[in-house]
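Chain residues, written in single-letter form:
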Amino acid sequence: QVQLVESGGGLVQAGDSLRLSCVASGHIFSTYSMGWFRQAPGKEREFVARFKLSDGNTDYADSLKGRFTISRDNAKNTVYLQIKSLKPEDTAVYYCTARIGDYGSWSYWGQGTQVTVSS
């Protein structure tokens, strides 16, 4: 069973930067695609970023591209989400997720890490 453990969230001020981490069990990056979602209070969970398994390239939500950067360290089985110039509307629970291939349901989820941005 794939297990995902997230960390790096916290209470920050607008304009700050954060790097969230997600450690995956086992060496799964060659088989599973990895991604990040977030869910703000009262809103639906939304896609943030992912790695494509097919070519290894990244994919971002159009509205977030530029401030968000997904990266990974294969040796450490860790995927990161760097967030720059945080805004109050970035306040949400951020989830790491994994699936087999590039399409279909995201099958595995982390517990989420809370990011709270104050003005």
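Small disclaimer: the values here were computed from a predicted structure and weren't measured.

## So, the overall build of the protein
Argument step 1. A count of helical and extended segments in the protein gives zero helices and eleven strands.
Argument step 2. Counting from the amino terminus, helix and strand elements in the protein follow one another as β-β-β-β-β-β-β-β-β-β-β.
Argument step 3. Relative to the compact-globule value of 14 Å for 119 residues, the protein shows a C-alpha radius of gyration of 13 Å, a close match.
Argument step 4. Seen along its three principal axes, the alpha-carbon backbone of the protein occupies a region of about 40 × 25 × 25 Å.

## Section: the packing of aromatic side chains
Argument step 1. Within the structure shown, the criterion is met by five aromatic pairs.
Argument step 2. Relative to Tyr108, the ring of Tyr32 lies with its centre 5.9 Å away and its plane at 70°, an arrangement referred to as edge-to-face. Of this pair, Tyr32 sits in strand β4 (residues 32–39) while Tyr108 sits in strand β10 (residues 108–109); the two residues are 76 residues apart in sequence, bridging distant segments of the chain.
Argument step 3. Under the relative-accessibility criterion, Tyr108 is labelled partly exposed at 24%.
Argument step 4. Ring geometry for Phe37 versus Trp109: centroids 5.3 Å apart, planes at 65°, classification edge-to-face. Linking Phe37 in strand β4 with Trp109 in strand β10, this pair joins segments that are 72 residues apart in sequence.
Argument step 5. What links up through ring pairs into an aromatic cluster is the set Phe37, Phe47, Tyr95, Trp106 and Trp109.

## Examining the nonpolar core
Argument step 1. Residues Leu4, Met34, Trp36, Phe68, Val79, Leu81 and Tyr94 are the most contacted members of the largest nonpolar core, which totals 31 residues.
Argument step 2. At the level of secondary structure, the elements contributing two or more residues to this core comprise β3 (18–24), β4, β5 (46–51), β7 (68–73), β8 (78–83), β9 (92–100) and β11 (113–118).
Argument step 3. Ignoring sequence-local partners within four residues, the contact set of Val79 consists of Leu20, Ser21, Cys22, Phe29, Met34, Trp36, Phe51, Ile70, Ser71, Arg72 and Cys96.

## Here's the deal with the side chain of Ser21
Argument step 1. Within the secondary structure, Ser21 sits in strand β3.
Argument step 2. Leave out the neighbours within four places in its chain, and Ser21 touches Val5, Glu6, Ser7, Trp36, Thr78, Val79 and Tyr80.

## As for the state of the cysteines
Working definition of a disulfide: a covalent bond connecting the sulfur atoms of two cysteines.
Argument step 1. Throughout the structure, instances matching the rule amount to one disulfide.
Argument step 2. Paired through a disulfide, Cys22 and Cys96 show a sulfur-sulfur distance of 2.1 Å. In this structure, the disulfide formed by Cys22 and Cys96 twists by about -75° around the S-S bond and is classed as left-handed. Placement of the pair is Cys22 in strand β3 and Cys96 in strand β9, with a sequence separation of 74 residues.
Argument step 3. What makes Cys96 buried here is its relative accessible area of 0%.

## Remarks on unusual backbone geometry
Argument step 1. For Asn77, which is not glycine, the phi dihedral falls at a positive 55°.
Argument step 2. Along the chain, Asn77 falls in the loop between β7 and β8.
Argument step 3. Assessed through its relative accessible area of 10%, Asn77 is described here as buried.
Argument step 4. Phi at Ser85 takes a positive value of approximately 50°, unusual for a residue other than glycine.

## Points about the pattern of salt bridges
Argument step 1. Here the structure, examined in full by the defined rule, presents four salt bridges.
Argument step 2. Put simply, Arg38 and Glu46 hold a salt bridge, and the shortest N to O gap is 2.6 Å.
Argument step 3. Notably, a salt bridge pairs Arg67 with Asp90, separated by 2.8 Å at the nearest N-O pair. Pair noted here: Arg67 is in the loop between β6 (58–60) and β7 and Asp90 is in the loop between β8 and β9, with a separation of 23 residues, a long-range link.
Argument step 4. Look at Arg67 and you get buried, because its relative accessible area is 17%.
Argument step 5. Take Asp90: its relative accessible area is 0%, and that puts it in the buried class.
Argument step 6. Where salt bridges share partners, they join Arg38, Glu46, Arg67 and Asp90 into one cluster.

So, how was this worked out
- Residues numbered from 1 in each chain as written.
- Predicted model: local features only at pLDDT ≥ 70, side-chain atom pairs only at ≥ 80, totals over all residues.
- Heavy atoms only, no water.
- Helix = DSSP H or I, 4+ residues; strand = E, 2+ residues; numbered from the N terminus.
- Rg over C-alpha atoms; globule rule 2.2 N^0.38 Å.
- Phe/Tyr/Trp six-rings, centres within 6.5 Å; stacked < 30°, edge-to-face > 60°.
- Buried < 20%, exposed > 50% of the residue type's maximum accessible area, 1.4 Å probe, protein only.
- Core = buried A, V, L, I, M, F, W, Y, C linked by side-chain atoms within 4.5 Å.
- Contact = heavy atoms within 4.5 Å.
- Disulfide = S-S within 2.5 Å.
- Salt bridge = Lys/Arg side-chain N within 4 Å of Asp/Glu carboxyl O.

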